Amino acid sequence: MKFFIDSANIDEIREAASLGILDGVTTNPSLVAKEGKNFRQLLDEILELVNGPISAEVVSTDRDGILVEARELAAIHPNIVVKVPLIREGLKAVRQLTDEGIKTNVTLCFSPTQALLAAKAGATYISPFIGRLDDISIDGMELIQQIVTIYQNYNFGTQVLAASIRHPLHVVQAAMMGADVATIPFKIIDMMFMHPLTESGLQKFLDDWKKNEAKLV
Ligand code: G3P
C-alpha cells in the first residue's frame, strides 16, 4: 500500500518525508488556499521534498479549460498527477489526457458508478472520499470495498486512492480491503505511531536501564 500525505503545508510534507514512509502527496484547491502561497511556487517546493506522484488539481469545469490547465500542470514535472473532478466534462478531459500519457487523479468520487466511469475513461487514480460520506451517514468504507471489487473483476488499471481519511482506522480498513493508496492528513499519520503500551514500555526500559547504571559501550 502506498502512503500519500493529504496536505499542501511544506512543514508537514517535510516532516512526513523525513519519516521514510511517504510515497507521494495530494493537494486540493482548499488545502492550497489555506497556505496563502503562489500555487506554482508551492508545487516547486513540494517537488523538491518528495520524489513521487504529486496531485495538483485543475479548477476549470469544461473539457477544454481542464485540458489547458492539465497540460500546463503536467509540463511542470513528470511526477505531477493532474487532479480532475468527477463530472462529465472532467471525464471527457481524462480520456484525452490518458491518451496523451498524462497521469490523472479523478477526485470527488462518492459512488461505484462514478468509479466505474473513471476507470473506463482511463484514470490513473480514483479518489473516493470516505470521511465526507461518513459525515452524511453513508458508510465510506463500503464504497472502497465496492470499487476494489469492481476493479478486480475487470482488471482495471486505475488505482484506488482512499481519500478524505479522518482517523487511523480508515487507513487500516482501506489496507484490509486492498486499496492501492491512502492519502492521509499529517495529524492522522502522527496518530498511527501512537500506542500507550509502546510509551509505557519504553519508559520502563529506560528507567530500569538507569537504575542498573548500565552502559551501552
Ligand atoms: O484531498 C481530498 C480529500 O482527502 C479531502 O479530505 O477531509 O477535506 O474531506 P476532506
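Right above here is the structure, for reference.
Read on for an overview of the structure. (Residues numbered from 1 in each chain as written. Predicted model: local features only at pLDDT ≥ 70, side-chain atom pairs only at ≥ 80, totals over all residues. Heavy atoms only, no water.)

### Details of the overall build of the protein
From N to C terminus, the protein includes eleven helices and eight strands. The principal-axis extents of the C-alpha atoms in the protein amount to approximately 70 × 40 × 30 Å. The buried share among the 217 residues of the protein stands at 45%. Long-range contacts, defined here as pairs at least 24 residues apart, represent 57% of the contacts in the protein between residues at least 6 apart. The averaged location of the 27 negative side-chain charges in the protein is 2 Å from the averaged location of its 20 positive side-chain charges. (Helix = DSSP H or I, 4+ residues; strand = E, 2+ residues; numbered from the N terminus. Buried < 20%, exposed > 50% of the residue type's maximum accessible area, 1.4 Å probe, protein only. Contact = heavy atoms within 4.5 Å. Lys, Arg positive; Asp, Glu negative; His and termini not counted. Charge placed at Lys NZ, Arg CZ, Asp CG, Glu CD.)

### Observations regarding the pairing of strand S3 (residues 54-57)
Burial along S3 is two-sided: the residues Ile 54 and Ala 56 and Ser 55 and Glu 57 are all buried. Judged from the two bridges that link them, strand S2 (residues 24-26) and S3 form a sheet pairing that is parallel. Following the sheet pairing, Thr 26 is matched in S3 by Ser 55. With four bridges connecting them, S3 and strand S4 (residues 80-85) associate as parallel partners. The partner of Ile 54 across the bridge, within S4, is Ile 80. A crossover connection joins S3 to the parallel S4 through helix H4 (residues 63-76); in handedness this β-α-β unit is right-handed. (Pairing = 2+ DSSP bridges. Right-handed = clockwise from strand over helix to strand, strands pointing away.)

### Some words on the environment of Thr 98
Along the polypeptide, Thr 98 turns up in helix H5 (residues 88-99). Residues Thr 98 and Gly 122 lie 24 residues apart in sequence; the distance between their C-alpha atoms is 6.0 Å. From its side chain, Thr 98 meets the backbone oxygen of Gly 122 in a polar contact 3.1 Å long. (Polar contact = N/O pair within 3.5 Å; in protein donor to acceptor, adjacent residues only side chain to side chain.)

### Some details on the sheet that holds strand S1 (residues 2-6)
With respect to topology, eight strands assemble into a closed barrel ordered S1-S2-S3-S4-S5-S6-S7-S8, the strand pairing being parallel. Each strand of the sheet is rotated relative to its neighbour by a mean of 30 degrees, with strand direction disregarded. Across the face of the sheet, helix H10 (residues 186-193) comes into contact with S1 and strand S8 (181-184) while running at roughly 110 degrees to S8. (Axes fitted to C-alpha atoms, helices over the stretch in contact; angles between N-to-C directions.)

### Here we look at the side chain of Ser 127
By the element assignment, Ser 127 lies in strand S6 (residues 125-128). Residue Ser 127 is classed as buried on the basis of its relative accessible area, which comes to 2%. Not counting chain neighbours up to four residues away, the residues in contact with Ser 127 comprise Asn 105, Val 106, Thr 107, Leu 108, Cys 109, Leu 161 and Ala 163.

### Overview of the site of the ligand
The full set of residues close to the ligand is Asp 6, Asn 28, Lys 83, Phe 129, Arg 132, Ala 163, Ser 164 and Arg 166. Contacts to the ligand include Arg 166, whose side-chain N or O atom sits 2.8 Å from an oxygen atom. Contact with the protein chains covers 83% of the free accessible surface of the ligand, which is 310 Å². Of the residues in the shell around the ligand, the class split is two nonpolar, two polar and four charged. (Near = heavy atom within 4 Å. Areas by Shrake-Rupley, 256 points an atom, 1.4 Å probe, with all protein chains shown as cover. Nonpolar A, V, L, I, M, F, W, Y, C, P; charged D, E, K, R; others polar.)

### Section: the packing of H4 against H5
Close contact between H4 and H5 brings their axes to 8 Å; oriented N to C, the two are set at 45 degrees. The orientation of H4 with respect to H5, classified from their angle, is oblique. By crossing handedness, the relation of H4 to H5 is classed as right-handed. Note on element contacts: H5 touches H4 through Glu 89, Gly 90, Lys 92, Ala 93, Gln 96 and Leu 97, opposite Arg 63, Ile 66, Leu 67, Ala 70 and Arg 71. Here the contact of H4 with H5 is built from residues that sort into five nonpolar, two polar and four charged. (Parallel < 35°, antiparallel > 145°, perpendicular 65-115°, else oblique. Left-handed = near helix turned anticlockwise from the far one by under 90°.)

### Some points on the pattern of salt bridges
Between side chains of opposite charge, a pair can form when the charged atoms approach closely. A full pass over the atoms with the stated rule returns eleven salt bridges. Measuring nitrogen to oxygen at the nearest pair gives 2.6 Å for the salt bridge that ties Arg 71 to Glu 100. Residue Arg 71 is located in helix H4, and its partner Glu 100 is located in the loop between H5 and strand S5 (104-109); the two are separated by 29 residues in the primary sequence. With relative accessibility at 36%, the residue Arg 71 sits in the partly exposed group. Since its relative accessible area comes to 35%, Glu 100 is described here as partly exposed. Measuring nitrogen to oxygen at the nearest pair gives 3.1 Å for the salt bridge that ties Lys 211 to Asp 208. One end of the pair, Lys 211, and the other, Asp 208, are both in helix H11 (residues 196-211), three residues apart, so they sit about a helical turn from each other. Accessibility expressed as a relative area gives 66% for Lys 211, which makes it exposed. Asp 208 gets classed as partly exposed once you look at its relative accessible area, which sits at 29%. Overlapping salt bridges, with partners in common, bring together Lys 204, Asp 208 and Lys 211 in one network. (Salt bridge = Lys/Arg side-chain N within 4 Å of Asp/Glu carboxyl O.)

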